[in-house]
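These are the residues of each chain, in order.
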Amino acid sequence: MILLGVLLNLPRNSWYEKYHVYYGGAEEERKANYSDMVNKYYDLVTSFYEFGWGESFHFAPRFKGESLRESIKRHEHFLALQLGLKPGQKVLDVGCGIGGPLREIARFSSTSVTGLNNNEYQISRGKELNRIAGVDRTCDFVKADFMKMPFPDNSFDAVYAIEATCHAPDAYGCYSEIYRVLKPGQCFAAYEWCMTDAFNPHNQEHQKIKAEIEIGDGLPDIRSTEQCIDALKKAGFEVIWSKDLAAGSPVPWYLPLDTTHFSLNSFRLTAVGRFFTKNMVKALEYLGLAPKGSQRVQDFLEKAAQGLVEGGRKEIFTPLFFFSARKPHSESQ
């Protein structure tokens, strides 16, 4: 019944795939139409994400004996601690999804968090979950493009982004907007999806893995860690520190997606669970109970999972590139 509810929330038609190379699209077109592309992507996959992953759509480094859910919460708490959040502060979550991290960080730090999102379905779902969690009076959502934020200058005490600004067509443009709305002397911290130094753009296998991640995860292009740091500095930030948190993680971040791994705690993400889901989706679509195209959504999410696992194994891709950066007290600084 849960799966059927997921499928009934899917849109009846989508042109998302036209933006990607596998379907004749080009990187320039993806960047020019990033807002439409990302919206179509999240219209398609949000319900699948929540069904398989929960309310927080992101990865996390894990310790042995730690569950996926525990690692995700710890990852969010780590971000709040790095920002030095204090009760009553006004915080911005850039690209907040349905607000899983927003609610966790707000409760952990006693702050008021505004979630910025350009997808109507995710915002409506997030508002309902805020009401259920009892944080609807201190946390809210704003529908807007994070390349053109509808906030005055110097509005927020802290800004964070969790695996979201990778959707921006231009890192410098996105970071510049974050710089503008952040108060002087305050910090911006993020987890970014990046290609690592091990990625070879002339290696066809590496390029194939990168393309699978881009189409399966709604990305115009995946930047390198160096490009992210350069964009931060160009936008005016002082980079405090940065590190790929995937390096040295006792449990690989991609383990939940690895079909060779089995876990009762994350059964829906295992090979058996995904096989069951795939065939249920196929059957429900055949019977007319699920929208036409549901199986295609499942297929390109599977392709994304394969790309993520291979990118992680070869250490050419990371979703856990962390940085903390400060906006100077004055422009002269």
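In this report, the structure presented in the accompanying data block is examined. (Residues numbered from 1 in each chain as written. Predicted model: local features only at pLDDT ≥ 70, side-chain atom pairs only at ≥ 80, totals over all residues. Heavy atoms only, no water.)

**Some details on the environment of Gln227**
Part 1: Note that Gln227 resides in helix α9 (residues 225-235).
Part 2: Along the backbone, Gln227 and Ala171 are 56 residues apart, and their C-alpha atoms lie at a distance of 8.2 Å. (Helix = DSSP H or I, 4+ residues; strand = E, 2+ residues; numbered from the N terminus.)

**A few points about the pattern of salt bridges**
Part 1: For the coordinates displayed, the defined rule picks out 14 salt bridges.
Part 2: In this structure, Arg107 engages Glu104 in a salt bridge whose closest nitrogen and oxygen atoms are separated by 3.7 Å. With Arg107 and Glu104 both in helix α5 (residues 100-109) and three residues apart, this pair spans about one turn of that helix.
Part 3: Of the residues examined, Glu104 reaches a relative accessible area of 12% and is grouped as buried.
Part 4: A salt bridge links Lys210 to Asp221; its shortest N-O distance comes to 2.6 Å. Of this pair, Lys210 sits in helix α8 (residues 204-217) while Asp221 is found in the loop between α8 and α9, placing the two residues eleven residues apart along the sequence.
Part 5: For Lys210, a relative accessible area of 10% corresponds to the buried category.
Part 6: Through salt bridges with shared partners, one network takes in Asp153, Glu177 and Arg180. (Salt bridge = Lys/Arg side-chain N within 4 Å of Asp/Glu carboxyl O. Buried < 20%, exposed > 50% of the residue type's maximum accessible area, 1.4 Å probe, protein only.)

**Description of the packing of aromatic side chains**
Part 1: With the rule as written, the count across this model stands at 16 aromatic pairs.
Part 2: Look at Phe78 and Phe322: their rings are 5.4 Å apart centre to centre, the planes differ by 65°, and that puts the pair in the edge-to-face class. On the criterion of sequence distance, the pair formed by Phe78 in helix α4 (residues 68-83) and Phe322 in strand β7 (residues 317-326) is long-range, its members being 244 residues apart.
Part 3: Assessed through its relative accessible area of 26%, Phe78 is described here as partly exposed.
Part 4: On the basis of an interplanar angle of 80° and a centroid distance of 5.3 Å, the ring pair of Trp193 and Phe317 is categorised as edge-to-face. In this pair, Trp193 sits in strand β5 (residues 182-195) while Phe317 sits in strand β7, placing the two residues 124 residues apart along the sequence.
Part 5: We classify Trp193 as buried; its relative accessible area is 8%.
Part 6: The residue whose ring lies beneath Lys234 is Tyr172, and the NZ or CZ to ring-centre distance is 4.5 Å.
Part 7: For Lys327, the ring lying beneath its charged end belongs to Tyr179, and the centroid distance is 4.9 Å. (Phe/Tyr/Trp six-rings, centres within 6.5 Å; stacked < 30°, edge-to-face > 60°. Lys NZ or Arg CZ within 6 Å of the ring centre and 35° of its normal.)

**A word on the sheet that holds strand β6 (residues 238-244)**
Part 1: A sheet is described by the order of its strands in space; here seven strands give the open sequence β3-β2-β1-β4-β5-β7-β6, paired in mixed fashion. Here the strands that pair on one side only, and so sit at the sheet edges, are β3 (140-143) and β6. Each neighbouring strand pair of the sheet contributes to a mean axis angle of 20°, computed without reference to strand direction.
Part 2: Pairing of strand β2 (residues 112-117) with β3, which is carried by four bridges, proceeds in the parallel orientation. Residue pairing for β3: Asn117 is matched across the bridge by Lys143.
Part 3: Along the sheet, helix α6 (residues 120-133) contacts β2 and β3; its crossing angle with β3, the most-contacted strand, is approximately 170°. (Pairing = 2+ DSSP bridges. Axes fitted to C-alpha atoms, helices over the stretch in contact; angles between N-to-C directions. Contact = heavy atoms within 4.5 Å.)

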